[in-house]
Amino acid sequence: MGNFKGKTEDLLRDWTAGPTYAERLCGGILKIEGYEDIDPQCPLGGADGKKDILCKKDGYTYLAAVYFPLGQKTFTQTFSKFENDLQGTISNKTKGIIFCTNQHLTLNERSQLEKKALESGKYCIIYHKERLRLCLDSPTGYGLRLEYLKIEMDSEEQVAFFQNNNNKIEYALERHFEELRRISAKIDHMQISQAKIAHTVSIIARPFDLSDVSVFGTVIPVAHSWENGPKISENITVNLVLMIHTLVCPDVPKLILGKFRATQVWVGSVATPEEAVLFPPAWDQVPDLLESLLKQWNTRAYPVSFLSSSQANPKYQY
């Protein structure tokens, strides 16, 4: 069923779809008219701070107000609604107002609205009924017209619609492929970073005479040989342990990566710690216990002679 002359105009004037769809329709028109960052405030209802839609064009922010009553109203009623919406441009500090309405407005009536806005120092753009009709009855607007006015395209309109949108579709696909290329580059970068981390872990693991280390699900062979000089493990510190944690646990949330736990934990499929299979030390004891353990490691794994006299402690010698 093709469009016939006047049908778009009649459906706009006798609007029965309510304010939500009116705001969505106008948002779609703003989009095809070249506005960007279109942000409907509360199309489903609620306080919107005197702003139906916020949008941008040429670097300026505009407030779009929508007035879609049922049937033609007096200009006094339309002017009153415009005045109320104009206050939103002041409180929201926008460049001007875009007044979208299904009302028929004469040239004189439009001039009065523009003059009122100018008195407030605001720019005024009016999408009255005839201007909306022109947008919807053009190839760029056929899709919106079908969605919101349920007017199907005839064969000629379908051809015009797809011819008009062909270049846009190709542009959208090109941007899509460009985004895929960027994602692919990020994945390649992540793989390089993971390889560097794996190499670092293997170097750290060599002094411990480990045969292999698992990083990112991959087993990395670790050479048993080590360059001349002191081994990293000769004096393990708390900071070194935390640093290794950040290297080997990249999937751990950043908030706890390389940090001591700050909650109590237990082992076992039970709801309370009293029934736990294993109950680790309290979280606030972990730093001191780890430091004590490392002191034992440093004195037990290597002769005291490796440590300075100030570091040696008989309590930890074995």
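Residues numbered from 1 in each chain as written. Predicted model: local features only at pLDDT ≥ 70, side-chain atom pairs only at ≥ 80, totals over all residues. Heavy atoms only, no water.

## Examining helix α6 (residues 142–149)
Item 1. Within the sequence span of α6, burial applies to Tyr142, Leu144, Arg145, Tyr148 and Leu149. All buried residues of α6 fall inside an arc of 160° around its axis, so they share one side.
Item 2. Two residues or fewer after α6 comes Lys150, characterised by a positive phi angle close to 60°. (Buried < 20%, exposed > 50% of the residue type's maximum accessible area, 1.4 Å probe, protein only. Helix = DSSP H or I, 4+ residues; strand = E, 2+ residues; numbered from the N terminus. Arc of directions from axis to C-beta.)

## What about the packing of aromatic side chains?
Aromatic ring pairs are reported here in terms of the distance separating the ring centres and the angle at which the planes meet.
Item 1. Applying the stated criterion to the full structure yields 6 aromatic pairs.
Item 2. Judged by centre distance (5.2 Å) and plane angle (85°), the rings of Trp15 and Phe68 are edge-to-face. Taken together, the residues Trp15 in the loop between α1 (7–13) and α2 (18–32) and Phe68 in the loop between β3 (60–67) and α3 (75–91) connect sequence positions 53 residues apart. Just as Trp15 is buried, Phe68 falls in that class too.
Item 3. When the ring of Tyr67 is compared with that of Phe99, the centres are 6.4 Å apart and the planes differ by 25°; the resulting orientation is stacked. Here Phe99 lies in strand β4 (residues 96–101) and Tyr67 lies in strand β3, a separation of 32 residues in the sequence. Assigned by exposure class, Tyr67 and Phe99 land together as buried.
Item 4. Three or more aromatic residues link up through ring pairs in this structure, and these residues are Tyr67, Phe82 and Phe99.
Item 5. Over the face of the ring belonging to Tyr21 we find Arg24, whose NZ or CZ atom lies 5.6 Å from the ring centre.
Item 6. Taking the ring centre of Tyr60 as reference, the NZ or CZ of Lys95 above it sits at 4.5 Å. (Phe/Tyr/Trp six-rings, centres within 6.5 Å; stacked < 30°, edge-to-face > 60°. Lys NZ or Arg CZ within 6 Å of the ring centre and 35° of its normal.)

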